[in-house]
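# Survey of secondary and tertiary structure
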Amino acid sequence: MQTEQDLEKLVHAYTAPLLRYCTAMLGSEADAQDAVQTTFVKAWLRRNSLRGDGQDNERAWLYRIAYRTALDMLRTAKRAEQRQPSQPPEPDPGISEELRAALNTLDPLDRALVLERVLDGMDYAALAKIHRRPESYLRTRYHRAKRRLAELLEKEGIRHDP
């Protein structure tokens, strides 16, 4: 990405999927909008760090920035929550309350892996680029997270597909 036109193309192509991803990660569409905007600002500022050409590299690069941004926001929110009484998160029309509650019990990496695999259909090669970890490690983490999520939902009496 070298020009503002390149940035516009990325914004147009990735705003909706990143917004969905960040909303699921953060539990709030307003926070997700901030995260996506911050992601694109960081992408522009770090445009020279994008290596290689191709849509897969751009996608992994943007999702890595979005993941790190969401993690930072979660850490900040956790620190603020420790100082204030908690407020219920905004409802997400695409994720039930039970599923959101179960997702929120997962470690942020596990939650991200579930969201990236399920919502965005990413393969393990893409996840490896985003999280800079071996595919085999991420595959194991994903399957454990999925199993944990299924157990939590089963306790709530919610049927799930394996």
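Up top is the structure.
Residues numbered from 1 in each chain as written. Predicted model: local features only at pLDDT ≥ 70, side-chain atom pairs only at ≥ 80, totals over all residues. Heavy atoms only, no water.

With that out of the way, let us pick up the overall build of the protein chain. Assigned secondary structure in the protein chain consists of seven helices and zero strands. Starting at the N terminus and ending at the C terminus, the protein chain contains elements arranged as α-α-α-α-α-α-α. Split into buried and exposed, the 162 residues of the protein chain put 38% on the buried side. Taking contacts inside the protein chain between residues at least 6 apart in sequence as the whole, the part at least 24 apart equals 63%. Carbon and sulfur atoms form 47% of the exposed surface of the protein chain, whose accessible area is close to 10000 Å². (Helix = DSSP H or I, 4+ residues; strand = E, 2+ residues; numbered from the N terminus. Buried < 20%, exposed > 50% of the residue type's maximum accessible area, 1.4 Å probe, protein only. Contact = heavy atoms within 4.5 Å. Areas by Shrake-Rupley, 256 points an atom, 1.4 Å probe, with all protein chains shown as cover.)

With that settled, the discussion passes to unusual backbone geometry. Backbone geometry places R132, a non-glycine residue, at a positive phi of 50°. Mapped onto the fold, R132 is located in the loop between α6 (124-131) and α7 (135-155).

The next thing to look at is the nonpolar core. Judged by nonpolar contacts, the single largest core of 45 residues is most densely connected at L18, Y21, C22, M25, F40 and L62. When contributions to this core are tallied by element, the ones reaching two or more residues are α1 (4-26), α2 (29-45), α3 (55-83), α4 (97-105), α5 (108-118), α6 and α7. If we ignore the near neighbours within four places in the chain, the residues touching C22 are G27, A32, A35, V36 and A66. (Core = buried A, V, L, I, M, F, W, Y, C linked by side-chain atoms within 4.5 Å.)

Once that is clear, we can look at α2. The terminal C-alpha atoms of α2, which comprises 17 residues, lie 24 Å apart, in line with the 24 Å expected from a rise of 1.5 Å per residue. Of all the positions in α2, only A32, A35, V36, T39, F40 and A43 are classed as buried. All buried residues of α2 lie within an arc of 135° about the axis, which places them on one face of the element. Residues of α2 that are exposed and point over 90 degrees away from its buried face: Q37 and L45. One side-chain oxygen at the N-terminal end of α2 lies 3.4 Å from the backbone nitrogen of A30; it belongs to S28. (Expected span 1.5 Å × (residues − 1). Arc of directions from axis to C-beta. Polar contact = N/O pair within 3.5 Å; in protein donor to acceptor, adjacent residues only side chain to side chain.)

As a further point, take the packing of aromatic side chains. Evaluated as defined, the whole model comprises two aromatic pairs. Measuring from centroid to centroid gives 6.2 Å for Y124 and Y142, while their planes differ by 65°, and the two rings are edge-to-face. One end of the pair, Y124, is in helix α6; the other, Y142, is in helix α7, with 18 residues separating them in the sequence. Each member of the pair, Y124 as well as Y142, is classed as buried. Between R117 and the ring centre of Y142, over which it is positioned, the NZ or CZ distance is 5.2 Å. Stacked on the ring of Y124, the Lys or Arg R139 has its end atom at 4.4 Å from the ring centre. (Phe/Tyr/Trp six-rings, centres within 6.5 Å; stacked < 30°, edge-to-face > 60°. Lys NZ or Arg CZ within 6 Å of the ring centre and 35° of its normal.)

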